[in-house]
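Working through the structure, step by step
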Amino acid sequence: MTGSYPATRLRRTRASAWSRALHRETVLTPADLIWPMFVTSGTNTEEPIASLPGVSRWSVDLVVERAKEAVSLGIPCLALFPNTPPELRSEDGGEALNPDNLMCRAIRAIKDACGDRIGVLTDVALDPYTSHGQDGLIDAAGYVLNDATVEVLVGQSLNQAAAGADVIAPSDMMDGRIGAIRDALEGAGQANVQIMSYAAKYASAFYGPFRDAVGSRGLLKGDKKTYQMDPANAEEALREVELDLFEGADSVMVKPGLPYLDIIVKVKEAFAVPVFAYQVSGEYAMIEAAVAAGAGDRDALVLETLTAFKRAGCCGVLTYHAAHAARLLNG
């Protein structure tokens with residue numbers, strides 16, 4: 001204890017706005033934000049997502065416009081997710097290896113338009129490409145095959161890196177995929193391509209609107225509990241993170257976000273590495289539902305939740321509110 005009342009009054013430094021700013025321990029800026037975007041087919045096409053009010057799928061040309069907007073707002077990175085047409089989905093997710101798929105076209109277009117003024121983070125998993133909605137290849141019983149899936153993920157990663165991706169973000173939760181992808185990137189002369197591992201990705205109930213956005217909700221057969229983490233586990237998350245760092249991850253992610261702030265703190269304290277969080281679709285939708293119901297103010301809710309991630313130890317946050325938050329922070 002450093003003092004006692006009345007000599008010490010903790011309200012003293014809260015009395016004025018300038019003093020609160022001076023004593024603020026956690027600072028949020030647009031540079032802390034990553035903006036997830038959904039890519040769809042066509043030209044000049046915007047498809048609003050009903051379960052994510054205010055969020056749309058955009059065709060490649062409009063994604064480029066959003067990228068330019070992000071640059072102007074000071075957002076340093078975009079995260080891309082494709083809405084693959086049903087006719088291009090298959091049991092083996094082969095479209096993930098197509099060098100001219102939606103993801104690769106969007107990467108090249110953003111890099112052609114913006115260059116190194118913005119980073120492009122790409123999702124590595126097969127659920128946007130499989131006809132069964134699982135993140136990997138499955139056997140006759142529907143079980144996701146680990147090692148066979150990793151082979152495809154390596155090819156997917158090299159495909160995206162060749163298109164110009166800056167950060168490969170494997171979200172599949174297969175064992176050993178980080179080491180395999182890192183070795184492949186090094187062998188392909190892509191040593192500067194980062195890996196941000198979805199290291200602690202939980203089998204969460206908060207992902208529903210995302211599956212609508214990438215078109216996999218109605219396709220998913222079964223669940224993902226054999227590879228995504230049990231929400232009851234914390235120590236297991238540390239093991240997952242440790243393995244991925246050992247295999248070559250440059251940064252790690254905890255997903256979802258707010259329900260797992262304790263995991264973020266544990267990871268940061270245990271490893272002192274760059275930690276990111278994904279404020280997932282269900283979290284976004286809950287904020288928007290609260291606003292629509294008159295139960296909260298959007299601006300305050302957005303900034304408070306994002307600040308909570310930084311306070312817990314995050315370097316940055318993937319959030320669908322990125323552009324809105326950046327405008328608020330830019331004043």
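Residues numbered from 1 in each chain as written. Predicted model: local features only at pLDDT ≥ 70, side-chain atom pairs only at ≥ 80, totals over all residues. Heavy atoms only, no water.

Moving on, we come to the packing of aromatic side chains. A complete count under the given rule lists nine aromatic pairs for this structure. Between tyrosine 284 and tyrosine 320, the aromatic rings sit 5.9 Å apart at their centres with planes inclined by 75 degrees, giving edge-to-face as the arrangement. With a gap of 36 residues between them, tyrosine 284 in helix H9 (residues 281–292) and tyrosine 320 in the loop between strand S10 (316–319) and helix H11 (322–330) connect regions that are remote in the sequence. The structure contains a cluster of three or more aromatic residues connected by ring pairs, namely Phe38, Phe81, Phe210, Tyr278, Tyr284 and Tyr320. (Phe/Tyr/Trp six-rings, centres within 6.5 Å; stacked < 30°, edge-to-face > 60°. Helix = DSSP H or I, 4+ residues; strand = E, 2+ residues; numbered from the N terminus.)

Going through the model one piece at a time under the given rule, you end up with zero disulfides. With no disulfide partner, cysteine 114 has as its closest neighbouring cysteine sulfur the one in cysteine 77, 12 Å distant. Under the relative-accessibility criterion, cysteine 114 is labelled buried at 3%. The structure places no disulfide on cysteine 314, whose sulfur is separated from the nearest cysteine sulfur, that of cysteine 315, by 7.5 Å. Relative accessible area serves as the criterion here: at 4%, cysteine 314 is assigned to the buried category. (Disulfide = S-S within 2.5 Å. Buried < 20%, exposed > 50% of the residue type's maximum accessible area, 1.4 Å probe, protein only.)

Before going further, it helps to examine empty space enclosed by the protein. Under the defined criterion, the tally for this structure stands at one cavity of 30 Å³ or more. In this structure, the largest cavity spans a volume of roughly 90 Å³. As for the largest cavity, its lining consists of Phe81, Asp123, Asp127, Asp135, Ser171, Lys201, Tyr207, Phe210, Arg211, Lys224, Gln228 and Lys255. For the lining of the largest cavity, a count of residues per class yields three nonpolar, two polar and seven charged. (1 Å grid on protein atoms, 1.4 Å probe; cavity = no way out; pocket = protein on both sides within 12 Å on 5 of 7 lines; lining within 4 Å. Points joined across faces, edges and corners; volume = space filled by probe spheres on them. Nonpolar A, V, L, I, M, F, W, Y, C, P; charged D, E, K, R; others polar.)

Note that side chains of opposite charge can pair when their charged atoms are close. Counting across every chain of the model gives 15 salt bridges. With its nearest N and O atoms 3.0 Å apart, the salt bridge here joins glutamate 69 to arginine 66. On the criterion of helical spacing, the pair formed by glutamate 69 and arginine 66 is a turn pair, its members being three residues apart in helix H2 (residues 60–73). The partner of aspartate 250 in a salt bridge is arginine 182, with the nearest N and O atoms 2.7 Å apart. Separated by 68 residues along the polypeptide, aspartate 250 in the loop between helix H7 (235–247) and strand S8 (251–255) and arginine 182 in helix H5 (residues 177–187) bring together distant segments of the chain. Bridged by salt links that share partners, the residues Arg66, Glu69 and Arg327 form one connected network. (Salt bridge = Lys/Arg side-chain N within 4 Å of Asp/Glu carboxyl O.)

Core analysis: the largest hydrophobic core is formed by 77 residues, its most contacted members being Trp35, Leu80, Ile110 and Ile264. Listed in part, the 24 residues of the second largest apolar core include Leu52, Val55, Phe210 and Leu318. (Core = buried A, V, L, I, M, F, W, Y, C linked by side-chain atoms within 4.5 Å.)

Moving on, we come to the side chain of aspartate 135. The residue aspartate 135 is located in the loop between strand S5 (119–124) and helix H4 (146–163) in this model. At 2.6 Å, the side chain of aspartate 135 forms a polar contact with the side chain of lysine 224. (Polar contact = N/O pair within 3.5 Å; in protein donor to acceptor, adjacent residues only side chain to side chain.)

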